[in-house]
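Coordinate analysis (summary)
The chain contents come next:
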Amino acid sequence: MLAITHVAKGHTIKRDWRCLISEHSEQVALFNWAKVMEGRHPQLKMMFAIPNGGLRNIRVAMKLKKEGVKAGIPDIFLAVPRHLPNPTRDVFTLYGLFIEMKFGKNKTSRNQQGWIEALIAEGYAVEVCYSFEEAKQAIIGYLGLEVG
């Protein structure tokens, strides 16, 4: 078993490294990668997180709902349109890429699936990704990047 040892305040804690990987850590890794790549691919500066999930105090949750936060919106948005060749029209436009991050055996909720379908119908690309690597590849494919 691979383990990571933490030493804090004189205590040693051994943990299986897999318990440290989460949806959060995968999303952080994605934004770290994007930050490193921004110099070569400035479009990555247009990517941001949408903080809809997580546990919150009821007052904070009510305040956010009044401000327009909606459940089911994907976690990440890359606000870069893509104009692609289309055999039936001159150009097909995708207005941006949404990414819903999942981890392990998690699946999209009914509410999330509704948003995904609505966003696709409005001309956005949407990907559900289960790792940093999947999300990175979705972005590379969407933007048509040459990444070496």
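This write-up is about the structure you can find in this document. All values derive from a computational prediction rather than experimental measurement. (Residues numbered from 1 in each chain as written. Predicted model: local features only at pLDDT ≥ 70, side-chain atom pairs only at ≥ 80, totals over all residues. Heavy atoms only, no water.)

1. Some details on the pattern of salt bridges
- By the definition in use, this model includes three salt bridges.
- Put simply, Lys102 and Glu100 hold a salt bridge, and the shortest N to O gap is 3.6 Å.
- Its relative accessible area of 8% is what places Lys102 among the buried residues.
- Lys136 is the salt-bridge partner of Glu133, the closest N and O atoms lying 3.6 Å from each other. Of this pair, Glu133 and Lys136 are both found in helix α4 (residues 132-143), three residues apart, which corresponds to roughly one turn of the helix. (Salt bridge = Lys/Arg side-chain N within 4 Å of Asp/Glu carboxyl O. Buried < 20%, exposed > 50% of the residue type's maximum accessible area, 1.4 Å probe, protein only. Helix = DSSP H or I, 4+ residues; strand = E, 2+ residues; numbered from the N terminus.)

2. Regarding the nonpolar core
- In this structure, Leu30, Trp33, Leu78, Ile99, Ile139 and Leu143 are the most contacted members of the largest nonpolar core, which totals 23 residues.
- Residue assignment for this core shows that the elements contributing at least two residues are α1 (23-37), β4 (76-78), β7 (97-101), β8 (125-129) and α4.
- For this core, the element with the most residues is α4, which contributes seven residues.
- In this structure, Ile73, Phe98, Ile116 and Val126 belong to the second largest nonpolar core, which totals seven residues. (Core = buried A, V, L, I, M, F, W, Y, C linked by side-chain atoms within 4.5 Å.)

3. Comments concerning the pairing of β7
- In terms of burial, β7 is largely enclosed, as five of its five residues are buried.
- Here β7 shows two buried faces, one formed by Leu97, Ile99 and Met101 and the other by Phe98 and Glu100.
- Sheet analysis places β4 next to β7, joined by three bridges and oriented antiparallel. Note that in β7 the partner of Ile76 across the bridge is Ile99.
- Handedness of the β7-helix α3 (residues 110-121)-β8 crossover: right-handed. (Pairing = 2+ DSSP bridges. Right-handed = clockwise from strand over helix to strand, strands pointing away.)

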